[in-house]
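# Secondary and tertiary structure notes
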Amino acid sequence: METPVTDLAPETQDSAAQTAAPLDTKAFRRSLNHSDNYFRRGFGHGEAVAETMATSYQSGLIQELRANGNVLTRGDVTIRLAQAFGFCWGVERAVAMAYEARKQFPTERIWITNEIIHNPSVNDHLRQMGVLFIEVNHGQKDFSVVERGDVVILPAFGASVQEMQLLNDRGCIIVDTTCPWVAKVWNSVEKHKKSDYTSIVHGKYNHEETIATSSFANKYLVVLNMEQAEYVSNYILHGGDKTEFLAKFAKACSQGFDPDRDLDRVGVANQTTMLKSETEAIGKLFERTMMQRFGPDKLNDHFMSFNTICDATQERQDAMFELVDAPMDLMIVIGGFNSSNTTHLQEIAIERNIPSYHIDSADRILDERAIEHKPLHGDIERAENWLPAGPITVGITSGASTPDKAVEETIERIFACKERLAQ
Ligand SMILES: C/C(=C\COP(=O)(O)OP(=O)(O)O)CO
Ligand code: SF4
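Rules used throughout
Counting restarts for each chain: residues are numbered from 1 in the order of the written sequence. A letter from A marks each chain and a number from 1 marks each ligand, given out in the order of writing. Predicted model: local features are reported for residues with pLDDT of at least 70 only, side-chain atom pairs are reported and counted for 80 or more only, and whole-chain, interface and lining totals are derived from all residues. Side-chain measures were taken over the full set of non-hydrogen atoms in the model, leaving aside hydrogen atoms and water. UniProt positions are given in the numbering used here, feature names are shortened, and annotations may be inferred rather than shown by experiment. Throughout, exposure labels follow a simple rule: accessible area from a 1.4 Å probe, protein chains only, divided by the maximum for the residue type, with under 20% read as buried, over 50% as exposed, and the rest as partly exposed. By convention, a stacked pair of Phe, Tyr or Trp rings (six-membered ring in the case of Trp) has centres within 6.5 Å and planes under 30 degrees apart, an edge-to-face pair has planes over 60 apart, and any other such pair is tilted. Secondary structure follows DSSP: runs of H or I at least 4 residues long count as helices, runs of E at least 2 residues long count as strands, and numbering of each begins at the N terminus. By the criterion adopted, a ring carries a charge over it if an Arg CZ or a Lys NZ lies within 6 Å of its centre and within 35 degrees of its normal. By convention in these notes, a salt bridge is any Lys or Arg side-chain nitrogen within 4 Å of a carboxyl oxygen on Asp or Glu. A contact between two residues is defined here by any heavy atoms of the two lying within 4.5 Å. At least two bridges found by DSSP between two strands is the condition for calling them paired. Simply put, an axis is a line fit to the C-alpha atoms, just over the touching stretch for a helix, and the angle between two N-to-C directions goes from 0 to 180 degrees. Nearness of a residue to a molecule or strand requires only that one of the residue's heavy atoms be within 4 Å of it. Here a polar contact is taken to be a pair of N or O atoms separated by no more than 3.5 Å, where protein atoms must pair a possible hydrogen donor with a possible acceptor and residues adjacent in sequence count only if both atoms sit in side chains. Surface exposure here means Shrake-Rupley accessible area, sampled with a 1.4 Å probe, where a residue is shielded only by the protein chains that are shown. Gly is placed with the polar residues, together with every amino acid not listed as nonpolar (Ala, Val, Leu, Ile, Met, Phe, Trp, Tyr, Cys and Pro) or charged (Asp, Glu, Lys and Arg). Seen with its strands pointing away from the viewer, a crossover is right-handed when the path leading from the first strand over the helix to the second is clockwise. Under this rule, positive means Lys or Arg and negative means Asp or Glu; His and the chain ends count for nothing.

The protein goes by 4-hydroxy-3-methylbut-2-enyl diphosphate reductase in an unreviewed UniProt entry, where it is assigned to Limnothrix redekei LRLZ20PSL1. According to its UniProt record, the protein has this under Function (unreviewed entry): "Catalyzes the conversion of 1-hydroxy-2-methyl-2-(E)-butenyl 4-diphosphate (HMBPP) into a mixture of isopentenyl diphosphate (IPP) and dimethylallyl diphosphate (DMAPP). Acts in the terminal step of the DOXP/MEP pathway for isoprenoid precursor biosynthesis." Its UniProt record gives the protein a comment under Sequence similarities (unreviewed entry), which states: "Belongs to the IspH family."

Here's what the structure looks like:
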């Protein structure tokens, strides 16, 4: 079994990770909030940073498209852009805070504990600004390089409480860009813990945000999808093979988890960027399960749920459903290949049988004949003859971590390819 603490290389685990008594995570976060070395808001360089960000990430073409109801026709190509797409509020905020940190600490060493968000170009910009990424060796983060007085940025996904404690113990200056929506989920997990409920987290067990979220729980179980949730629900109702259960969730539960003991009282939480409909259905499934197991009058003693689906995820998925209702010849979904929310947008296109390509930048469009893209559960591959002849409609959307510039570059490349195809 794996807990978030394994992210820390053994020789770099400070007292935080080695303490035998469970950490009072709520008290720790409260004390961190009062520390002079902890920052979770900007440093007053907002205006200067907004200018830099606009130059790096915004796009004139996208502004034009927005003013035109998100439709643009040039030659044989009509582009239909989703009504909600691209940078969410939490991403803008986190990236701006990282830029502000660089301005505030121009000479100090600045580290970041993971990618700030799942977009390669944004992470590259940080590297160019001299931000250093904590290396992962043999599956463990190596914090031995971080020294007292160094600045350490916590990404938009947050960080595990053990990492925060280590950095605090080390005397680092912590710039915490965790999205408040993510922190809201942590608060739900704290409430589960207070009443000795197990947190069932709908998410990917190895995703940074889920690692952080589960680090606030005493007991947790991460379920990836409805199939896994149903397996757990069946176990609650009818029992089952404990060895099989523990093997199935070996990497996705808290240390010492016992399904016979720890599924009597459950609270549901989620990784903020999962498919909204699935998170809701999983919540309802566990509510029904506990009602069936313990009776409706005892439901409140065995089940807890708070709405922690983030607005940005909801809006982008709703806009995608609206977009795929209109006829189109193909769909391009733009976003990092490790971006969970982008992948869910791609899932929606696939469900509707629309030929669709998930790319992480315009450079994946090699020419009018070939495109490199990532299929839903596969590795990057090359598709030939991806662009149909004649007049076409192309649907476009992008994930919450994708800059508008990447969308503009993609659209321009589609126009250019189509022109060449017609020659
Ligand atoms: C930072 C963040 C969302 C922004 O999109 P990302 O693509 O960076 O992240 P995710 O979809 O969770 O893989 C966490 O909610
Ligand atoms: S997707 Fe939601 S939770 Fe994630 S950074 Fe954006 S606003 Fe925050």
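After presenting the structure, the write-up continues.
### As for unusual backbone geometry
Even without glycine at this site, His138 takes up a positive phi of about 50 degrees. By relative accessible area, which is 81% here, His138 ends up exposed.

### Thoughts on the packing of aromatic side chains
Inspection of the entire model under this criterion finds 12 aromatic pairs. An angle of 50 degrees between the planes, with centres 5.0 Å apart, marks the rings of Phe39 and Phe43 as tilted. Under the relative-accessibility criterion, Phe39 is labelled partly exposed at 26%. Since its relative accessible area comes to 16%, Phe43 is described here as buried. Residues Tyr57 and Tyr99 carry aromatic rings whose centres are separated by 6.4 Å and whose planes lie at 70 degrees to one another, so their mutual orientation is edge-to-face. Remark: Tyr99 occurs in helix 5 (residues 89-104) and Tyr57 occurs in helix 3 (residues 46-57); sequence separation between them is 42 residues. Through a chain of ring-to-ring contacts, three or more aromatic side chains come together here, namely Tyr231, Tyr235, Phe245, Phe249 and Phe257. Over the aromatic face of Phe133 sits the side chain of Arg127, whose NZ or CZ is 4.2 Å from the ring centroid. A cation over an aromatic ring shows up here: Lys248 above the ring of Tyr231, its NZ or CZ 4.8 Å from the ring centre.

### Quick notes on the pattern of salt bridges
Under the criterion given, the structure shown has 22 salt bridges. Between Lys242 and Asp258 there is a salt bridge, and its shortest N-O distance comes to 3.1 Å. One end of the pair, Lys242, is in helix 11 (residues 242-248); the other, Asp258, is in the loop between helix 11 and strand 12 (266-270), with 16 residues separating them in the sequence. On the accessibility criterion, Lys242 (32% relative accessible area) is partly exposed. Asp258 sits in the buried class, given a relative accessible area of 16%. Of the charged contacts in the structure, one is a salt bridge between Asp262 and Arg261, with a shortest N-O distance of 2.8 Å. Under the relative-accessibility criterion, Asp262 is labelled buried at 3%. Where salt bridges share partners, they join Asp196, Lys219, Arg261, Asp262 and Arg265 into one cluster.

### Some thoughts on the UniProt feature "binding site: [4Fe-4S] cluster" (unreviewed entry) in the protein
In this structure's numbering, the residues bearing the UniProt feature "binding site: [4Fe-4S] cluster" (unreviewed entry) are Cys88, Cys179 and Cys310. These annotated residues cover 223 residues of sequence, and their C-alpha atoms lie no more than 10.2 Å from one another, placing them together at a single site. With respect to the helices and strands, the residue Cys88 is situated in the loop between strand 3 (77-81) and helix 5. When its relative accessible area of 12% is taken as the criterion, Cys88 is described as buried. Those residues within four positions of Cys88 in sequence are excluded, and the remaining contacts are Ala312, Arg316 and Ala400. Assignment of secondary structure puts Cys310 in the loop between strand 13 (303-305) and helix 14 (311-323).

### Points about the sheet that holds strand 8 (residues 151-154)
Spatial strand order, 1-9-8-4-5: 5 strands in an open sheet with parallel pairing. Only two strands of the sheet have a single partner each, and these edge strands are strand 1 (38-39) and strand 5 (131-133). Pairing of strand 8 with strand 9 (residues 173-176), which is carried by 4 bridges, proceeds in the parallel orientation. When the bridges of strand 9 are listed, Val151 appears paired with Ile173. Lying over the sheet, helix 5 contacts strand 1, strand 4 (110-112), strand 8 and strand 9, oriented at roughly 150 degrees with respect to strand 9.

### Considering the site of ligand 1
Taken together, 14 residues form the shell around ligand 1, and within it His118, Ser339, Ser340, Asn341 and Ser401 come nearest. Here Ser340 contributes a backbone N or O atom positioned 2.7 Å from an oxygen atom of ligand 1. Relative to its unbound accessible area of 380 Å², ligand 1 is 96% covered by the protein chains. Per-class residue counts for the shell around ligand 1 are 4 nonpolar, 9 polar and 1 charged.

### Description of the pairing of strand 9
Burial of strand 9 is two-sided: the residues Ile173 and Val175 facing one way and the residues Ile174 and Asp176 facing the other way are all buried. The β-α-β motif built from strand 8, the intervening helix 7 (residues 161-169) and the parallel element strand 9 has right-handed crossover chirality.

### A word on the side chain of Glu408
By the element assignment, Glu408 lies in helix 16 (residues 404-422). Of the side chains bearing the opposite charge, Lys405 lies closest to the buried Glu408, which forms no salt bridge; the N-O distance is 5.9 Å. Within the local environment of Glu408, its side chain forms a polar contact with the backbone nitrogen of Leu61, the two atoms lying 3.3 Å apart. Sequence-distant contacts of Glu408, defined by excluding residues within four places in its chain, comprise Ser59, Gly60, Leu61 and Ile62.

### Structural notes on the UniProt feature "active site" (unreviewed entry) in the protein
Residues annotated by UniProt as "active site" (unreviewed entry) correspond here to Glu209. Tracing the backbone shows Glu209 in helix 9 (residues 208-214). Once residues lying within four places of it in the same chain are set aside, the contact partners of Glu209 are Phe157, Val182, Asn270, Gln271 and Thr272.

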